[in-house]
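Tertiary structure, described
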Amino acid sequence: MSWRGKRKEEYASDGSGDTHARPKKASKADSDDESDDIVVCEISKNRRVSVRNWQGKIWIDIREFFVKDGKQFPGKKGISLSVDQWNILRDHVEAIDRALGES
């Protein structure tokens with residue numbers, strides 16, 4: 001017997017008459033309440049740099065946004081840097097500028 005059939009039997013053999021419902025997953029809209037965004041700058045029309053507190057940690061977020069139903073939402077394209085990663089990047093800005101000048 002497959003595990004699916006066995007699972008159905010387990011639900012049916014409860015005897016209480018109510019079915020076992022899976023716990024409802026939190027939607028993305030619900031999880032936004034945990035996030036505090038401070039928009040630092042708009043790089044272009046759909047790109048921005050923000051500092052956010054997400055799940056108790058501070059992140060520097062460089063991300064593209066898209067508009068749906070008149071609201072802006074973060075897209076998949078982007079990067080979130082921890083404070084340690086941000087400090088490393090910031091310390092290398094001059095080297096990056098020199099590399100840009102050489103090309």
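Residues numbered from 1 in each chain as written. Predicted model: local features only at pLDDT ≥ 70, side-chain atom pairs only at ≥ 80, totals over all residues. Heavy atoms only, no water.

Take the overall build of the protein next. What the protein contains, in helices and strands, is four helices and four strands. Here the protein, with 103 residues, has 11% of them falling under the buried criterion. (Helix = DSSP H or I, 4+ residues; strand = E, 2+ residues; numbered from the N terminus. Buried < 20%, exposed > 50% of the residue type's maximum accessible area, 1.4 Å probe, protein only.)

Okay, the packing of aromatic side chains next. Centre distance and the angle of the planes are the two values used to describe a pair of aromatic rings. For the coordinates displayed, the defined rule picks out one aromatic pair. A cation over an aromatic ring shows up here: Arg48 above the ring of Phe65, its NZ or CZ 3.9 Å from the ring centre. (Phe/Tyr/Trp six-rings, centres within 6.5 Å; stacked < 30°, edge-to-face > 60°. Lys NZ or Arg CZ within 6 Å of the ring centre and 35° of its normal.)

Attention shifts here to the pairing of strand β3 (residues 57-68). Pairing geometry for strand β2 (residues 47-54) and β3, over eight bridges, is antiparallel. Looking at the pairing, Ser50 lines up with Asp61 of β3. Following β2, the chain reverses through two residues before pairing antiparallel with β3; Gln55 in that reversal takes a positive phi of roughly 55°. Examined bridge by bridge, β3 and strand β4 (residues 71-82) share nine bridges and lie antiparallel to one another. By the bridge assignment for β4, Asp61 is matched with Ser80. (Pairing = 2+ DSSP bridges.)

In this section: the sheet that holds β3. The sheet built from four strands is open, its strands ordered β1-β2-β3-β4 with antiparallel pairing. Each having just a single partner strand, β1 (36-44) and β4 make up the two edges of the open sheet. The mean angle between the axes of side-by-side strands here comes to 30°, regardless of whether they run parallel or antiparallel. Helix-sheet contacts for helix α3 (residues 83-91) involve β3 and β4, and the interaxial angle to β4 is about 75°. (Axes fitted to C-alpha atoms, helices over the stretch in contact; angles between N-to-C directions. Contact = heavy atoms within 4.5 Å.)

Turning next to unusual backbone geometry. Unusually for a residue other than glycine, Gln55 sits at a positive phi of about 55°. Locating Gln55 in the fold gives a position in the loop between β2 and β3. On the accessibility criterion, Gln55 (52% relative accessible area) is exposed. Phi angles above zero are rare outside glycine, and Asp69 is one such case at about 55°. Tracing the sequence through the fold places Asp69 in the loop between β3 and β4.

A word on the confidence of the model for the protein. On average, residues of the protein score 78 in pLDDT, and 66% of them are at 70 or above. Per-element confidence in the protein ranges from a low mean pLDDT of 44 for helix α2 (residues 28-31) to a high of 96 for α3. Considering only residues more than four positions removed or in separate chains, one finds that residues 8-14, a stretch of pLDDT under 50, has three contacts. Contacts for the low-pLDDT stretch residues 25-34, under 50 throughout, to residues beyond four places or in other chains number three contacts. (pLDDT = per-residue confidence, 0-100.)

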